[in-house]
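Each chain is listed here by its residues.
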Amino acid sequence: KKMLKIVSSLFVSPLALGLYTVNAVYGDTITMPCRLEVPDGLMFGKWKYEMPNGSPVFIAFRSSTKKNVQYDDVPDYKDRLSLSENYTLSIKDARISDEKRFVCMLVTEDDVSEEPTIVKVFKQPSQPEILHQADFLETEKLQMLGECVARDSYPEGNVTWYKNGRLLQPVEEVVVISLQKIVDKSTGLFTMTSSLQYMPTKEDANAKFSCIVTYYGPSGQKTIQSEPVVFDVHYPTEKVTIQVLPQSSTIKEGDNITLKCSGNGNPPPQEFLFYIPGEAEGIRSSDTYIMTDVRRNATGEYKCSLTDKSMMDSTTITVHYLDLQLTPSGEVTKQIGEALPVSCTISSSRNATVFWIKDNTRMQTSPSFSSLQYQDAGNYICETTLQEVEGLRKRKTLKLIVEGKPQVKMTKKTNTNKMSKTIVCHVEGFPKPAVQWTVTGSGSIINKAKETRYVNGKFSSKIVIAPEENVTLTCIAENQLERTVTSLNVSAISIPEYDEPEDRNDDNSEKVNDQAKLIVGIVVGLLLVALVAGVVYWLYVKKSKTASKHVDKDLGNIEENKKLEENNHKSET
């Protein structure tokens, strides 16, 4: 009777179920304490679980007296159970099938106590992945973007889609989302697959799409997000743009130009039509068209369009140029005194700056030669630039040579020591004349001449002599154009020489003026003392003396000239 009573008490009505729940993680150990107080006279403890139809299945038994533990032969729990002395039941390797109602039973001789425990098992899904991604998306077209898959979840989760972090809500013919959940019969785990059909716009070109799975764990609701995916969005070209490369503000003759045409579609157009000035039809090319060594006639409007001529853009190119014409140019030889008109003519696409350089020195004005001089000779450069155009500079040169026959002038003077005389031969001419000194009559050559520096076609050759008698010196200057001979009479060292006789005449006139002033002073003094007669007589005497001095001096000059003529006659003989 006691055994029948115990057995009958194991079948408890579902209405007596308790609310105590143990949450377990899939694969972990489930621990269920027996929430009953151990009564006096306890005989044994047992655990059972209930089948869906309510029938019990005993799985573990522990005697309170013999301390032995027995586990029932239930295949699902073989080698997975452990029952402790306080009647706590542990189940290793939690499975979805462990999600049941378990009951702890404590049996005495007179009573059976039961306490149910609900086991809930949770399994976190894998990180969702976006699979079967579209190679690219096309605007204005609803197409499959991809599938978001989250595997091995329990209980089943939910999948949502996001674009740039914002939830995508279903919109007819624009956003179409479908969710499919599949359970693995062997494990009881769910796999959620959410497919997204999407009609993109041009603004979705860099959009980041992701999906999130929402699931329940032991501690509540949680989420896991997929890695974001960016899709290549194809959209038609709406605008064509033409560029000139390199992107310089100025283009000059000789430059290379690359025209680049681009469309704002994706993928961009690969071929275009280029319209070149002077060409009736467009030239089919890739997105670039190259022109090398452009000339000024390349100035004009350039266009490009799609191959169907549906869209077009244009730009204007100005090829800057600079021409310089120098007349005359190169090497020019002219004679001294001749006129030489020089012109430097500029033709350019903008106002040009012109300047002249002579022998590496910048000139203040343009050269003009009405009567050429030796100092006008040199290397002239006419240079012009366009300041707005980098590297556009032109220059031409004129090498001017001024030639002239030798021109000779001789001077002489007695040196301050009265012991020698310096004779100078002043020479002009180009090419530089060679100078030779000779003594007329004897024909002997003087080799001790010193020359000054040759500047602007001029130089001097000088000799220092101390003649004991009058001599005639000859200076010979010769270049490729002519031979010029000039002679000069030189008195003996005892007779002074002067370079400029006019200076001596000026000295004499100054002496006469001083004498006149003296006479006037004397006359005034005599008038003061009323000695008119004496003054007149004194003036008469004074004038007589002065006249006699001039006569004597003139006679001395005549005698000197006679001696020079005699010496010349002797030399000639």
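Because the structure is predicted, anything quoted here is derived from the model rather than measured.

Student: Help me out: how do you make sense of the overall build of the protein in this one?
Tutor: Helix and strand counts for the protein stand at three helices and 43 strands. A buried classification covers 36% of the 573 residues belonging to the protein.

Student: How should the side chain of S460 be read in this particular structure?
Tutor: Take S460: it is sitting in strand β41 (residues 458–465). A residue is classified by how much of its surface remains accessible, and S460, at 18% relative accessible area, is buried. Of the polar contacts made by the side chain of S460, one reaches the side chain of H426; its length is 3.2 Å. The residues contacting S460, other than those within four sequence positions of it, are V424, C425, H426, K450, E451 and T452.

Student: Please clarify how the pairing of strand β9 (residues 112–122) should be interpreted in this entry.
Tutor: On a regular strand, one side chain projects to one face of the sheet and the next to the other, so that they alternate. Here strand β1 (residues 21–25) pairs with β9 via five bridges, running parallel. What sits directly across from T21, in β9, is I118. Pairing between strand β8 (residues 101–108) and β9: seven bridges, direction antiparallel. Bridge pairing in β9 places V107 opposite V112. Taking the residues between adjacent antiparallel strands as the criterion, β8 and β9 are bridged by three residues.

Student: Help me out: how do you make sense of the confidence of the model for the protein in this one?
Tutor: Do not read the fine detail of predicted coordinates wherever pLDDT is low. Averaged over all residues, the pLDDT of the protein is 85; the fraction at 70 or higher stands at 83%. A low-confidence stretch, residues 1–18 (pLDDT under 50), is modelled with 26 contacts involving residues beyond four sequence positions or located in other chains. This stretch, residues 544–573, has a pLDDT under 50; its non-local contacts, to residues over four places away or in other chains, come to ten contacts.

Student: Got a minute to help me understand the sheet that holds strand β38 (residues 434–439) in this structure?
Tutor: Strand pairing within a sheet occurs via backbone hydrogen bonds; the two strands may be parallel or antiparallel. With respect to topology, four strands assemble into an open sheet ordered β39-β38-β42-β43, the strand pairing being antiparallel. Each edge of the open sheet is held by one strand with a lone partner, namely β39 (445–446) and β43 (483–490). The pairing of β38 with β39 spans two bridges and is antiparallel. Considered in β39, the bridge of W437 is made with I446.

Student: Looking at this structure, I do not really get the nonpolar core. What am I missing?
Tutor: In summary, soluble globular proteins display a tendency toward joint burial of nonpolar side chains. Counting 52 residues, the largest nonpolar core has M32, W47, I59, L89 and F102 as its most contacted members. Two domains each put at least three residues into this core: domain 1 (21–122) and domain 2 (129–234). Ranked by size, the runner-up nonpolar core spans 18 residues in total, among them C261, F272, V294 and I317.

Student: Just checking my understanding: could you explain the pattern of salt bridges for this structure?
Tutor: Oppositely charged side chains can pair when the atoms bearing their charge come close. Under the criterion given, the structure shown has 24 salt bridges. Across the pair K260 and D287 runs a salt bridge, and its minimum N-O distance is 3.0 Å. With a gap of 27 residues between them, K260 in strand β23 (residues 257–263) and D287 in the loop between β25 (283–285) and β26 (288–291) connect regions that are remote in the sequence. Classification of D287 as partly exposed rests on a relative accessible area of 27%. Notably, a salt bridge pairs K458 with E428, separated by 3.6 Å at the nearest N-O pair. Of the two residues, K458 sits in strand β41 while E428 sits in strand β37 (residues 421–430), which places them 30 residues apart along the sequence. Note on K458: relative accessible area 42%, which makes it partly exposed. Where salt bridges share partners, they join E253, R296 and D323 into one cluster.

Student: Mind showing me how you'd approach the pairing of β41 here?
Tutor: For β37 and β41, the ladder comprises eight bridges, and the chain directions are antiparallel. Residue pairing for β41: I423 is matched across the bridge by I463. Counted between consecutive antiparallel strands, the loop separating strand β40 (residues 450–451) from β41 contains six residues, among which N456 sits at a positive phi close to 50 degrees.

Student: Can you help me understand the sheet that holds strand β5 (residues 69–71) in this one?
Tutor: Overall, mixed pairing links the six strands, which are arranged β1-β9-β8-β3-β4-β5 in an open sheet. For this open sheet the edge positions go to β1 and β5, each flanked by a neighbour on one side alone. Taking each pair of neighbouring strands and ignoring which way they run, the sheet shows an average axis angle of 25 degrees.

Reading the values: the criteria
Residues numbered from 1 in each chain as written. Predicted model: local features only at pLDDT ≥ 70, side-chain atom pairs only at ≥ 80, totals over all residues. Heavy atoms only, no water. Helix = DSSP H or I, 4+ residues; strand = E, 2+ residues; numbered from the N terminus. Buried < 20%, exposed > 50% of the residue type's maximum accessible area, 1.4 Å probe, protein only. Polar contact = N/O pair within 3.5 Å; in protein donor to acceptor, adjacent residues only side chain to side chain. Contact = heavy atoms within 4.5 Å. Pairing = 2+ DSSP bridges. pLDDT = per-residue confidence, 0-100. Core = buried A, V, L, I, M, F, W, Y, C linked by side-chain atoms within 4.5 Å. Domains from an automatic or database assignment. Salt bridge = Lys/Arg side-chain N within 4 Å of Asp/Glu carboxyl O. Axes fitted to C-alpha atoms, helices over the stretch in contact; angles between N-to-C directions.

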